[in-house]
Amino acid sequence: MNQIKTFLRLLLFWVVFAIPNLSAQTIAQTYECNSINKRFVHLPVKTGAPKTWVSVNIDGVWQTEFEIELAPENPDFYATLEVGQWKGKKLSLNAENVTPGSKWISLTKMSDEMSDERLVYKEEYRPQFHFSPRRGWTNDPNGLVYYKGTYHLFFQHNPFGASWGNMTWGHAVSKDLFHWTEKPDAVLADKNGVVFSGSAVVDTKNSSGLQKHPKRDKNGNIINPPLVAFYTSTAANRGKGESAQSMVYSLDEGKTWIKYPQNPVIPHIIGGNRDPKVFWYEDRQNPSNPNSGHWVMALYLDGQDYALFSSKDLIHWIKVCDIKNLGCSECPDMFELPVDGNKQNTHWVFWGGDGKYLIGTFNGKDFIKESGPFTTKYGGNDYAAQSYSNIPATDGRRIQFSWMQGGEYTNMPFNQQFTVPRELSLRSTPEGIRLFLNPVKEIERLRIAKAIPFAATLQGVDKFIKVPNLKGELLDIELQFDLKSLQTSEGSNVFTTEIFEQKITYDLDTRMIELVGVKAPLAPVKNRIKLRLVIDRTSMELFANDGIIQIAKCFLNKDKVPANMTISGKKDMANVTVKVYQLSSVWRK
Ligand code: FRU
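In short, a report on the structure. (Residues numbered from 1 in each chain as written. Predicted model: local features only at pLDDT ≥ 70, side-chain atom pairs only at ≥ 80, totals over all residues. Heavy atoms only, no water.)

## A short note on the site of the ligand
Then step 1. Around the ligand, 13 residues are found, and the nearest of them are N139, D140, Q156, R274 and D275.
Then step 2. In this structure, N139 approaches the ligand through a side-chain N or O atom, which is 2.9 Å from an oxygen atom.
Then step 3. R274 places a side-chain nitrogen or oxygen 2.7 Å from an oxygen atom of the ligand.
Then step 4. For the ligand, whose free accessible area comes to 320 Å², the fraction covered by protein is 92%.
Then step 5. Of all elements in the fold, only strand 8 (136–147), strand 12 (194–202) and strand 16 (274–281) reach the threshold of two or more residues within the shell around the ligand.
Then step 6. Broken down by class, the residue content of the shell around the ligand amounts to six nonpolar, three polar and four charged. (Near = heavy atom within 4 Å. Polar contact = N/O pair within 3.5 Å; in protein donor to acceptor, adjacent residues only side chain to side chain. Areas by Shrake-Rupley, 256 points an atom, 1.4 Å probe, with all protein chains shown as cover. Helix = DSSP H or I, 4+ residues; strand = E, 2+ residues; numbered from the N terminus. Nonpolar A, V, L, I, M, F, W, Y, C, P; charged D, E, K, R; others polar.)

Here it is, written out as structure tokens:
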């Protein structure tokens, strides 16, 4: 009897534990290439397939690792790893756990092309003039720097999957902020961990000494200064290590990046300290002193706390100031701007990840708050913005990109996009000085033709004025509502613009503007409400009253409804003028 009981127990154990484990059993496997003779290796990815860690080994030495949903068959897309720098050497890609029978090894390919050249940028939900990665996931813009006529855009990138992970710095370049050419990833994970957000500068005076062979022009200026970038390294993804600030530099105009051997340059301080934003502080009190001025790093510490650090050489940093209670966390930025364009009246802006900002003064050491926090974000899809460094003084603009956090790109081999590049300015308002955001003027180069203004008077809440001659899906629209009176009367004092079945409303009673459910306060200026709508295939951005309010919102036009733009509102409430510019795709030849 006892024997039968033992047998039944064993059987039960086998059914409950052993059988499921058998089917879940995985094995380690290696893809090998004895002598690398191509620039890239492409790995098959299937979103939703079991994840495995893969380490990259060259002649048997570990270089980097990533976690990937390796496709056992029928990949959704190929993830690309650059291996050209190891030509002639032996490559081994060691996958920790793959399902027996997976065809990932035979599906893995090497080539000199970046990825799916025939398919890329032709996808159904590919933004047509907003930046999005060729393949994989992006979140924050990183390392925005202008260098010798080229805008560099680095970005938090998961090259190996369409969701967050494996943080790496992707890299793209552009001459006009809209037509981007994506380059191989610039900074990959190493023994210090993955590569979180950060910034880049041009070390014009070679203060770091990283350029060992500086060449000078006849005025003594260095013509081959190093590009230096700062990022947070964190091994937290593997459950080990803490975040610290690391440095990487380029001596070939941003083509290749060398990790600083003594990384990190700032060890872990507290909590999740991260996202270094570095800029040069010009000491205008001592302009003739060649040693005046220094580097400043704004760093997120923990909770809602930030700090400023100072350095003469980009390598040694000391903490000089704390900035607390901004009301948000992560991704700081800091810059000086003239008020109303008056260069004699400048103020400093301290910016945090969620679009909150302080206005103040800065003497190179202490940031002293004058007003704020204010916000540029009332909801919508907008996070972790960063502004460019090294924009020439002759241009003088403060140009910013932001991540359109949370958009949907169903079944696409890429995920997430950025906002349009925006120009920031400080302007006086009846409430005090505020930051204004507007699309950079380069967007006008995408306009296909001159707009023919259309004018009408509101006809009624249920009487829809149809805007004529509206074609296409990529649009830059200016609307001006000249209100007959600021006094409101019985009934709804809301006027509505509808396009692609999305509603933009203005409520004169509450003085609130609303874009697809995101509301922000907006007062008429000179009895006027001015709206600018920038519409791409998967997003809408609204800039109201010259940029005092800006709302970025993702949308997915799944049913491919046409624009059908209508305007409605209480009869005679306002005269409206509409200018519609159709924009061209940056991908069309
Ligand atoms: C903001 C952020 C940063 C961090 C990065 C990681 O979105 O959380 O603080 O560096 O993303 O991807």
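Next comes the rest of the account.
## Comments concerning the sheet that holds strand 31 (residues 475–483)
Then step 1. Spatially, 29-40-31-36-37-38 is the arrangement adopted by the six strands of the open sheet, whose pairing is antiparallel. The outermost strands of the open sheet, each flanked by one partner alone, are strand 29 (454–457) and strand 38 (549–554). For this sheet, the mean angle separating the axes of adjacent strands, direction not counted, is 15°.
Then step 2. Here strand 36 (residues 528–536) runs beside strand 37 (residues 539–544); their pairing, made up of six bridges, is antiparallel. Bridge pairing in strand 37 places V534 opposite E541. (Pairing = 2+ DSSP bridges. Axes fitted to C-alpha atoms, helices over the stretch in contact; angles between N-to-C directions.)

## Overview of the sheet that holds strand 19 (residues 318–323)
Then step 1. Spatial ordering of the open sheet is given by 16-17-18-19, a layout of four strands whose pairing is antiparallel. Edge strands, defined here as strands with exactly one partner in the open sheet, are strand 16 and strand 19. Here the strands of the sheet are splayed against their neighbours by 25° on average, with no regard to which way each runs.
Then step 2. Where strand 16 and strand 17 (residues 294–302) come together, six bridges link them in antiparallel fashion. From the neighbouring strand, F279 faces strand 17, where its bridge partner is V296.

## A short note on the pairing of strand 32 (residues 494–499)
Then step 1. Strand direction decides the pairing type here: strand 32 and strand 33 (residues 502–507), joined by six bridges, are antiparallel. Across the sheet, T496 pairs through a bridge with T505, a residue of strand 33.
Then step 2. The hairpin formed by strand 32 and strand 33 contains two residues between the paired strands, and F500 there has a positive phi angle of roughly 50°.

## Some points on the environment of D354
Then step 1. By the element assignment, D354 lies in the loop between strand 21 (342–351) and strand 22 (356–362).
Then step 2. Overall, D354 belongs to the partly exposed group, its relative accessible area being 23%.
Then step 3. Apart from the residues lying within four places of it in its own chain, the contact partners of D354 are C328, S329, T375, K377, D382 and Y383. (Buried < 20%, exposed > 50% of the residue type's maximum accessible area, 1.4 Å probe, protein only. Contact = heavy atoms within 4.5 Å.)

## Examining the nonpolar core
Then step 1. I477, L479, I499 and V578 are the most contacted members of the largest nonpolar core, which has 40 residues in total.
Then step 2. When residues of this core are assigned to their parent elements, the largest contribution, five residues, is made by strand 31.
Then step 3. Of all hydrophobic cores here, the second largest spans 34 residues; its members include A189, F401, W403 and F418. (Core = buried A, V, L, I, M, F, W, Y, C linked by side-chain atoms within 4.5 Å.)

## Some details on the pattern of salt bridges
Then step 1. As enumerated under the stated definition, the model contains 29 salt bridges in all.
Then step 2. Where R134 meets E117, a salt bridge forms, and the shortest distance between an N and an O atom there is 3.0 Å. With R134 in the loop between strand 7 (109–111) and strand 8 and E117 in the loop between strand 7 and strand 8, this pair connects stretches of sequence that are 17 residues apart.
Then step 3. For R134, a relative accessible area of 8% gives the class buried.
Then step 4. On the accessibility criterion, E117 (33% relative accessible area) is partly exposed. (Salt bridge = Lys/Arg side-chain N within 4 Å of Asp/Glu carboxyl O.)

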